[in-house]
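Below, each chain spelled out in residue letters.
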Amino acid sequence: MSRQPNRRRGRIRRSRIIVGRPLRAGWKPAVARAATLGLAPALLIGATVGGIAHVRSGAPGVEQAVAADTPFTFSGYGHGHGRGMGQWGAYGYAQDGWTAERIVGHFYGGTSLGTVDVAPIAVRLMGQDDVPLAVYSDAGLVVADQQVGPGDAAHLTPTADGGADVVVTAGCSGEVRWQGRADLPWVDPVDLGEDRPGNEHLKLCADGTAYRGAIGVVLDGSAARTVNRLSVEDYLRAVVPVESLPGWADTGGAEALRAQAIAARSYALAEQRHEKWQTCDTQSCQVYGGSAKEDPRTDDAVRTTRGMVLLKDGKVVRTEFSASTGGYSAGGDFPSVEDLGDKVAPNQQWAKTLTAGEIGNAFGVGELQNFEVLTRNNLGADGGRVTRVRVVGADRTIETTGAEARAKLGLRSDWFTVNEGAESAVPPSTPAPETGPEVAITPFGTDQSPAIQEKYNELGGVTGQLGSPVGPELMLPDERGKFRVFTNGVILWTPEFGAQVFDASILRQWLPGTGSAE
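Residues numbered from 1 in each chain as written. Predicted model: local features only at pLDDT ≥ 70, side-chain atom pairs only at ≥ 80, totals over all residues. Heavy atoms only, no water.

## Concerning empty space enclosed by the protein
We apply this condition: Only protein atoms enter the 1 Å grid used here, on which a cavity is any set of points holding a 1.4 Å probe that cannot leave and a pocket is any open set flanked by protein within 12 Å on both sides along at least five of seven lines; residues with an atom within 4 Å of a point are listed as lining. Grid points are joined across faces, edges and corners, and a volume is the space filled by probe spheres set on the points. Asp, Glu, Lys and Arg are counted as charged, while Ala, Val, Leu, Ile, Met, Phe, Trp, Tyr, Cys and Pro are counted as nonpolar; the rest, among them Gly, fall into the polar class.
One pass over the structure, following the stated rule, counts one cavity of 30 Å³ or more. In this model, the largest cavity occupies a volume close to 60 Å³. Surrounding the largest cavity, Pro189, Asp191, Leu192, Gly193, Asp195, Arg196, Glu200, His201, Arg212, Gly213 and Asp234 form its lining. Tallied by class, residues from the lining of the largest cavity come to two nonpolar, three polar and six charged.

## Concerning the state of the cysteines
Filter applied, for reference: In what follows, a disulfide is any cysteine sulfur pair within 2.5 Å. Numbering goes from the N terminus for both helices and strands, where a helix is a DSSP run of H or I of at least four residues and a strand is a run of E of at least two. Exposure is judged per residue with a 1.4 Å probe applied to protein chains only, and the accessible area is read against the type maximum: over 50% gives exposed, under 20% gives buried, and values in between give partly exposed.
For the structure shown, the criterion picks out two disulfides. Residue cysteine 172 pairs covalently with cysteine 205 via a disulfide, S to S 2.1 Å. Handedness here is read from the sign of the S-S torsion; for cysteine 172 and cysteine 205, about -85°, the answer is left-handed. Here cysteine 172, found in the loop between strand E13 (164-169) and strand E14 (176-182), pairs with cysteine 205, found in the loop between strand E16 (202-204) and strand E17 (210-211); they are 33 residues apart in sequence, far enough to count as distant. We classify cysteine 205 as buried; its relative accessible area is 11%. Through a disulfide, cysteine 280 is tied to cysteine 285; the S-S separation comes to 2.0 Å. The disulfide joining cysteine 280 to cysteine 285 has a torsion of about 110° about its S-S bond and is therefore right-handed. When sorted by exposure, cysteine 280 lands in the same class as cysteine 285, which is buried.

## What to know about the sheet that holds strand E20 (residues 279-280)
Note the following rule: Between any two strands, pairing holds if DSSP finds at least two bridges.
Spatial ordering of the open sheet is given by E11-E10-E15-E18-E19-E8-E20, a layout of seven strands whose pairing is mixed. Two strands in the sheet have a free side with no partner beyond their single neighbour: strand E11 (146-148) and E20. In terms of strand pairing, strand E15 (residues 186-189) meets strand E18 (residues 214-220) through two bridges, oriented antiparallel. Paired with tryptophan 186 across the two strands is glycine 216, which belongs to E18.

## Overview of the pairing of strand E27 (residues 397-400)
Here E27 shows a clear split, with Ile398 and Thr400 buried on one side and none of Thr397 and Glu399 buried on the other. Two strands pair when backbone bridges link them, and strand E26 (residues 386-393) and E27 are joined in this way by four bridges, in the antiparallel orientation. By the bridge assignment, arginine 390 is partnered in E27 with glutamate 399. Linking E26 to E27, which pair antiparallel, is a turn of three residues.

## Some points on the packing of aromatic side chains
For the record, the criterion: Each Phe, Tyr or Trp ring (for Trp, its six-membered ring) is paired with any other whose centre lies within 6.5 Å, and the angle between the two planes then decides the class: stacked below 30 degrees, edge-to-face above 60, tilted in between. Criterion for a charge above a ring: Arg CZ or Lys NZ at most 6 Å from the ring centre, at most 35 degrees from the ring normal.
Counted by the stated rule, this structure contains 13 aromatic pairs. Considering the side-chain rings of tyrosine 211 and tyrosine 288, the 5.9 Å spacing of their centres and the 50° angle between planes classify their relative orientation as tilted. In this pair, tyrosine 211 sits in strand E17 while tyrosine 288 sits in the loop between E20 and helix H8 (296-303), placing the two residues 77 residues apart along the sequence. With respect to burial, tyrosine 211 and tyrosine 288 carry one shared label: buried. Between the NZ or CZ atom of arginine 102 and the centre of the ring of tryptophan 98, over which it lies, the distance is 3.8 Å. Across the ring face of tryptophan 186, the terminal group of arginine 229 is positioned such that the distance to the ring centre comes to 4.0 Å.

## A look at the pattern of salt bridges
Note the cut-off: Salt-bridge detection follows one rule: a side-chain nitrogen of Lys or Arg within 4 Å of a carboxyl oxygen of Asp or Glu.
For the coordinates displayed, the defined rule picks out 31 salt bridges. Residue glutamate 175 is joined to arginine 177 by a salt bridge in which the shortest nitrogen-to-oxygen separation is 4.0 Å. The exposure class assigned to glutamate 175 is exposed, which follows from its relative accessible area of 56%. Across the pair arginine 237 and glutamate 294 runs a salt bridge whose closest N-O atoms are separated by 3.5 Å. Linking arginine 237 in helix H5 (residues 232-237) with glutamate 294 in the loop between E20 and H8, this pair joins segments that are 57 residues apart in sequence. A single burial state applies to arginine 237 and to glutamate 294, both of which are buried.

## Some thoughts on unusual backbone geometry
A positive phi is found at aspartate 145, a non-glycine position, where the angle reads about 65°. Position of aspartate 145 relative to the elements: it lies in the loop between strand E10 (141-143) and E11.

Here it is in structure tokens:
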């Protein structure tokens with residue numbers, strides 16, 4: 001395990017050894033690893049509080065650095081920030097017979113359950129930023145007090161006075177049928193009522209994505225922003241199936257979907273992102289992708305919790321949630337609680353291997369000399385979530401939070417330990433429940449991939465070679481990437497290769513056991 005010293009700028013740099021406490025039985029024991037390195041077990045005893053033990057030279061003036069290609073494995077629990085409700089925990093508790101009301105009461109301590117009148121909500125469609133608004137509907141639409149026929153499109157350009165210039169065309173790119181001005185920059189469906197049939201939904205010309213309610217374009221300074229305004233209950237129908245798995249209803253988890261509906265409704269109504277919109281459609285807010293993502297099972301969860309929210313001091317609470325708490329929620333606005341339901345999470349434990357060079361680059365400290373966990377929250381295995389770390393490099397030293405370390409290193413959570421070496425396998429996980437077409441979705445973290453949308457737009461959108469979307473964007477198993485199926489093919493995205501277009505048969509290689517892409 002030793003390496004020859006490197007001499008740079010007159011200083012001796014040696015390999016650093018970092019060892020950490022093992023994750024659980026089944027992982028390579030840290031004591032065994034330490035023995036092979038000639039380290040005393042006492043070093044490991046001192047490592048359990050901070051999470052890392054490290055070796056220093058006794059010679060004065062000697063600085064040690066880690067060889068850039070030295071691998072280190074970050075091992076941890078949970079997926080997401082861990083604040084509020086754990087979605088897999090909710091599913092586990094639902095299977096144990098808990099009601100939705102009991103589930104949200106467990107995760108959101110200090111709140112009470114109440115009801116509010118159904119209200120409209122305005123959602124910024126982030127993927128349409130600075131993109132001209134062009135929409136159509138199979139049943140026709142209304143813009144600038146003008147009735148527009150089925151299939152014809154309205155194109156809106158916002159103006160500084162709060163209105164819009166309007167051009168109506170035959171289809172999305174045909175001849176101009178009418179043009180003028182609108183005092184209000186909105187396109188309405190033929191009926192603005194709640195729970196309208198699909199042929200009345202407005203569709204974006206860019207990709208055919210359908211939305212309930214009205215769609216408008218507003219100015220944010222000089223930038224154009226597309227906004228969808230609709231009933232919060234209609235909005236939730238396209239949120240709950242993306243932020244959770246509809247198939248849970250088929251495996252004893254219907255109450256988890258009801259809990260998700262309550263949490264998602266509360267979160268949305270507590271949001272006040274901007275004077276012109278309350279929330280957005282990405283994971284920065286809640287993932288929302290339009291009416292094509294609706295599912296009867298999650299529709300039922302929304303319907304049976306209509307108007308139900310969580311309150312504190314008479315106000316709706318911003319109820320965050322994440323996929324897996326790892327066994328303990330993180331605390332914050334709500335008390336940390338043990339999450340025994342999380343035992344069903346398919347990826348409750350995880351591992352990621354990074355080189356010393358990658359770690360140093362992530363924090364901008366130069367050659368890595370030391371990565372040290374300073375404090376934890378003392379909840380759960382290995383001392384719980386990391387609250388403070390110190391990263392020492394040849395160029396500088398920084399201290400930051402565990403959450404920031406998680407973000408910079410791309411870890412699943414801030415509950416982690418560090419071991420030298422590359423682990424060959426993640427600990428055994430609980431199989432995900434069979435949920436039909438949604439089995440590849442991972443709740444909370446299925447953020448829309450801008451690369452897929454950009455590739456689709458590049459190929460001409462709904463009028464291009466791929467045709468219309470035939471389903472929502474889904475996650476590949478083990479989160480290796482994302483894909484979306486279209487009429488004439490598939491766009492598949494991975495971090496390694498970016499967005500690529502394939503024949504639908506490619507999914508058989510990525511999703512074992514599927515006979516087709518549909």
